[in-house]
Every structure is written in C-alpha cells, then in structure tokens.
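Observations on chain architecture
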Amino acid sequence: MVISAILTALFAPLLTPYTPTEVIRDSNGDGLTFASPSVHAPLGTDDAGRDIWSQLIYGARVSLMVGFLAGFIAMFVGSTFGILAGYFGGRLDNLLMRITDVLLVIPDLPLMLVLVATLRQMDLHVSPLVVLIAVIGLLYWTSTARLIRSQVLTIKERQFVARARAIGAGNGHIIRKHILPQIMPLIVANTVLIISTAILVESGLAFLGLGDPTQPSWGAMLNFAFDRSAITNGAWWFYLPPGLAIVWVTLGCVLLGNVLEEMLNPRLTAHHLESNKNMVAIQKEGDK
Amino acid sequence: MNRRDFLLRKIGLSLVTILVVVVIDFMLFRVLPGDPIRSVIGRNVRISADTQQALREQFGLDKPVFPDQFFDTLGQWAQGNLGVSWSLRRPVSEVLRSKLGNTILLIGIGQLLAIILGVTLGLLAGWKRKTALDIGALTFSLVAWSIPTFWLGIILLAAGSTWFGFPTVGIISPQNTGKPLITILPDLAKHLFLPTLTLTILYLGEYMLIMRSSILEVLSEDYILTAKAKGMSDWQVLWKHALKNAMLPIVTLIAINLGFTVSGAIYIETVFSYDGLGKLFQTALTKQDYPLLQGAFLLLAVSVILANLAADFLYVVLDPRVKET
C-alpha cells in the first residue's frame, strides 16, 4: 500500500493526462465545471474545470513529502532525546523527560494551528509547506523519545555495554556501536507509524486552510471541495478520492508499523478464560 | 514514591505546563509583524502621532516586553480579561463563554457513547480473543484510526443529508432560535446526531483497543485463575474481578483523549458548521483574528491540562496500589 503510493508520487507526470492546473474545455471552449467522471477526466472535474485525477496524483507528492520529511524530523529529535535521556540518566534525563511531559499534555492541534498561523504571518520567505513540515516534525517526537529511552535503559545494563566500558570505550563509541544497532529496528518501526500520523495531521491542517494553495495536498483538495460546496452539488468524485487516498496510505503505514513492532515485541500469548488447551500450555511454560 | 509526593509532582508539572502555554501564547502573538495599535484601529484610519502615543501608553506598549508587558498581560488574563476580538468587536472572554456550552454538549455525548460502546466491545473482544468478533473489532479500530476526522465528517454529512434528510448546518433550525429548550429538543437532537456519530466512531476504536489489551492483561493474572477455580462462571469473573481492574487505564485515557477530543471538535464543528469553540477557533484562524485565537488557545490548553490533573487525582483514588508504595 505504501509502495504503491510512493511509486504514484514518483511517476506522477506519466500517470496524468493533464497538469493539475489545466482547465478542461468542451467543444465551445467553456470550462467543464463539476463534470462527472468520463473518458476525458477519469475522476471528473472540480469547480474550475480542472481534472481531479491529475490533482490527486500530484497531491500524492505533496502529502507524502510532508509526511516523510516531518516523520524523519520527529524520529531524529525523538531518538536523540531518548538516547541522551536513557543513556546519561540523572539530571539530563529528568530535564528531557519533563520537557516531553509538558509537550504531551498541551493539546496538539490548537498548538499547531496557532504556531502555523503566526509563523506564516512572519516574513520568513519559505514555502508554507516548510512551515508545516517543521511544526509537525518538531511536535510529534514525544512518543518516540519515551519508547527509545525505555529501550536504552534496559540495553545499557546489559553485559556487553559494561564490557565495552571496561576496556575503555567512550560514551560516543558505546552509543554508536552498541546501543544504536540494538534500537535501530525499533526506530524504523516507530518512524513508519509517525509518518502515518504526520500524513493525517498534514491533511487536517491543510483542510483547515493552512496548506500551500499552489501545491495542493490531499487535505488541501478536501478543503477546496468543502469550501466550493462539492457536497451540495453532489460532486462525490471531488471529495471521496482524496480521503480514500489518505486512508490508503495511513492504513498501509499503520499495518506495516504494527507488523514490524509485533516482530520485535511479542505480547501476551494467552489468558485464563480461553480454552483449556491454551491454559495447559501456559502452565507448562510456567513450570519450565 | 508515596501518594502525596506523586500528586504534588503532578500539580507542579501542570503548573509548569500552564506557564509554558502562557509564555507561548504571549510570545507568539507578540512577534507578529505590524503595529498592534494599527491592527486594532485599522490601517487606513488617520490618527495623530500624539493619539498613537497616548494609546501606546494606555495599553502599556511603551514599556519593555519583559517583564512589564508580560506581567501586565498575565494579570489581565488571570482576571479573565482576554482582550477584544477584532472580527466580532466583542470581548474575547464573552465570545468564548457563549460557545463553551455547545462544545461541551457535543464532546460530552460523543465521549460518553464512545466510552460505553468501546469498553463493552473491548471487553467482549478481549474475552473472545481471536474470534470473528475480535478480528472485526480490531479491523474497525485500525480503519477508524486511519480516517481523517474531517473526511469522515464530510462523508457522513453528504450521506446523512442526501439519504436521511439530516440538517447540514448549525445546532438548531433558524426558525427555532429563542424558543424554550424543551420544545426544540427534537430539532436539537437531529442537528447533533451526525456530529456526535462522527465523534463516537472516531474515539470508539481507541477505547476498544485499550480495553482489549487491558482485559487481556488482567485475565492472565493469577486471581482470575483462582476465581475460575472457585467455580465462578465466565460472566461472573468478568463482572466481579476483571472489569473493575481493567477499567483503570480507561480513566487515564479519558483525560489524555481530551486533548484529541479538542482536535476532533475543531474539525467536526468546522465540517458541520456547529456553533461551538472549535468552529470559533477555525473562524479566528481564517479571519486572522489574533486576540480571539490567543484567548481560545489559552482556554483550550488550560482546560486540557487541568483535566489531566483531575485524572491523576482520580487515578490515585481508584488504584489502591498507588496509596501504599
């Protein structure tokens, strides 16, 4: 699911009959507004007569780019915080974890809306997408930080770390050679999950009108559809596809992330109200 | 850590968080470009330099940003004075108060339904693990998690209004405004149905998942085996021993969820043009009404922080283990 979306974004120009901003005209030269799906426009047209299919395919580029970049920023900040807090412990740990706690409690959407709204008013000379990526990336690292920290806490007590230290390895060396390889799979699984969150969040912010109007993502398409009364016009081809695309990608990321996580993190296997066969199995395991 | 220290630490953390929110709120709107005086009276109104200076002094803008302006603002906020909305020309606190009830109504009903349904389904799914019911419930919550809130709202709005004739806008029909509450209840319920349904579907999945994993954990405890060995039926075990213990994580989740619920309210109220705080927030955003945005953010953030603190207190009351150690 995720790969199909990435390929779509990469090969966008090959898959689209029109550019996203091109107005499709009928034989009289008038724009085809709110046209239902046809041979000319596979998913119909919007209020200005532009092809929805092309917008959808190009929108994949924007949505995925924001999701991936913001996800990577969050992963980087979260892992750094987690490793530092877990490895060095003490005061640094206390400070970093309090920062995490504070960020966890502040409601995220209002905070992001206020941040993005004010940052856009300032003359930063950057694209609105960069603002979105930075804000999402710098706010969604808290769960990663906690997860990585707890993992580092257990790893640093292991024998091989003590041995490395005994033969004179420095902190930097231990973190790079002994801790990082151990937590890498966890970081990867977590990144996939964060990317799905980032894509969802981006779509929400864009829907509320904070996207880049010149480079519409799926969320921004839904914003247009909603603002230009696609619903009352019955233009389902305008508001269904972008949403389905978002669900497709986020669901793909969540499933991928869950599979990766489950492989690393075996949960409880059975409980006492299940059939007796399982119970016997538990008892046997317990006896070992 | 004993109980008192635990609570004191939580109170301390909440205070720090509120301080962070206040500082962010103050700073962000202070770094905006443009002259605050100009923004309030409008760019094209001609006023003399003297009047401008007088206004600056009146609003304390001639003093340094920190500490004078900061503590001035803080004092004003503490008294409930959040400034005047630019777009509505009314005091922000008054505007906020008028919308608060509607949002609490929506969030309250939605959360209540989500909790009741989610806990029940999660209990059943955990009990009958790996059956069709469990797999169905898991799939549902995964899909519900992946759907953007506002898009689900749009779908339900489109489907509900075309096929079932539900109203698409607002909280009561225009002809019913001002009538006594009891006579407009059916109309109100009709308007509330779709937004509440959206909210319930979204949060149901999460409660279900947490309840499921929590009940799985509880059911593998030894006291469940003992209860079973005493000859109690599955239902008795679930009701008397498992449910109470498995409910604990739900209490924390309700508080944590309040933050997400606020986000949900912003999206849902926008989609359904529901006249509450969320819609107000979105309007303030599009109209660039900064005093309103500032006040709304302060109110939402502080309420969520206090709700989290309340949940910590409740947790201590409910979980005897926190008392002892």
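Just so we're clear, the structure is a prediction, and the values are computed from it rather than from any experiment. (Residues numbered from 1 in each chain as written. Chains lettered and ligands numbered in written order. Predicted model: local features only at pLDDT ≥ 70, side-chain atom pairs only at ≥ 80, totals over all residues.)

On to the overall build of chain B. Broken down by element type, chain B carries 14 helices and 0 strands. Traced from its N-terminal end to its C-terminal end, chain B shows the element sequence α-α-α-α-α-α-α-α-α-α-α-α-α-α. Each of the 325 residues in chain B was classed as buried or not, and the buried ones make up 36%. When contacts within chain B are restricted to residue pairs at least 6 apart in sequence, those whose partners lie at least 24 apart make up 74%. (Helix = DSSP H or I, 4+ residues; strand = E, 2+ residues; numbered from the N terminus. Buried ≥ 20, exposed ≤ 12 C-beta atoms within 10 Å, placed from the backbone. Contact = placed C-beta atoms within 7 Å.)

Across its full length, chain A holds 12 helices and 0 strands. Counting from the amino terminus, chain A carries its helices and strands in the arrangement α-α-α-α-α-α-α-α-α-α-α-α. Burial statistics for chain A: of 288 residues in total, 43% are counted as buried.

Further remarks concern the interface of chain B and chain A. Chain B puts 50 residues into the contact, and the matching count from chain A is 37 residues. Per-class residue counts for the side of chain B that touches chain A are 36 nonpolar, 10 polar and 4 charged. (Nonpolar A, V, L, I, M, F, W, Y, C, P; charged D, E, K, R; others polar.)

Residue and element names in this part refer to chain A. Helix 6 (residues 128–139) packs onto helix 5 (residues 108–121) with a crossing angle of 145 degrees between their chain directions and a minimal axis gap of 10 Å. Considering the relative orientation of helix 5 and helix 6, their crossing is right-handed. From helix 5, D108, L111, M112, L115, V116, L119 and R120 reach across to helix 6, where they touch P128, V131, L132, V135 and L139. For the contact of helix 5 with helix 6, the class distribution of residues is 10 nonpolar, no polar and 2 charged. (Axes fitted to C-alpha atoms, helices over the stretch in contact; angles between N-to-C directions. Left-handed = near helix turned anticlockwise from the far one by under 90°.)

Looking now at the confidence of the model for chain A. For chain A, per-residue confidence averages 78 on the pLDDT scale, and residues scoring 70 or more make up 76% of the total. Per-residue pLDDT stays below 50 along residues 275–288 of chain A; that stretch engages in 5 contacts with residues further than four places along the chain or on separate chains. (pLDDT = per-residue confidence, 0-100.)

Every α-helical turn comprises 3.6 residues, leaving residues that sit three or four positions apart pointing alike. Residues and elements named next belong to chain A. Its 14 residues place the ends of helix 5 20 Å apart at the C-alpha level, agreeing with the 20 Å of an ideal helix rising 1.5 Å per residue. Burial of helix 5 is extensive: 11 of the 14 residues sit out of reach of the surface. If you check which residues of helix 5 are buried, you get D108, L109, P110, L111, M112, L113, V114, V116, A117, T118 and L119. (Expected span 1.5 Å × (residues − 1).)

Let us now look at the nonpolar core. When a protein is soluble and globular, its nonpolar side chains tend to lie buried together. By size, the foremost hydrophobic cluster in this structure holds 147 residues, and its most contacted members are V116(A), A198(A), L222(A), Y207(B) and A296(B). The biggest single contributor to this core is helix 9 (residues 171–210) of chain A, with 18 residues. When near neighbours in sequence (up to four residues on either side) are disregarded, Y207(B) contacts A114(B), I115(B), G118(B), V119(B), G122(B), I250(B) and L253(B). (Core = buried A, V, L, I, M, F, W, Y, C linked by C-beta atoms within 7 Å.)

This brings us to unusual backbone geometry. If you check the backbone angles, S273(B) has positive phi at about 45 degrees while not being a glycine. Relative to the helices and strands, S273(B) is located in the loop between helix 11 (248–271) and helix 12 (277–286).

Bringing the packing of helix 7 (residues 142–155) of chain A against helix 9 of chain A into the picture now. Residues and elements named next belong to chain A. At a minimum axis distance of 10 Å, the contact between helix 7 and helix 9 shows a crossing angle of 160 degrees. Judged by the inter-axis angle, helix 7 sits roughly antiparallel to helix 9. The handedness of the crossing between helix 7 and helix 9 comes out as right-handed. Along its contact with helix 7, which presents T144, L147, I148, Q151, V152 and I155, the element helix 9 presents I179, Q182, I183, L186, I187, N190 and I194. Here the residues of the contact of helix 7 with helix 9 sort into 9 nonpolar, 4 polar and no charged. (Parallel < 35°, antiparallel > 145°, perpendicular 65-115°, else oblique.)

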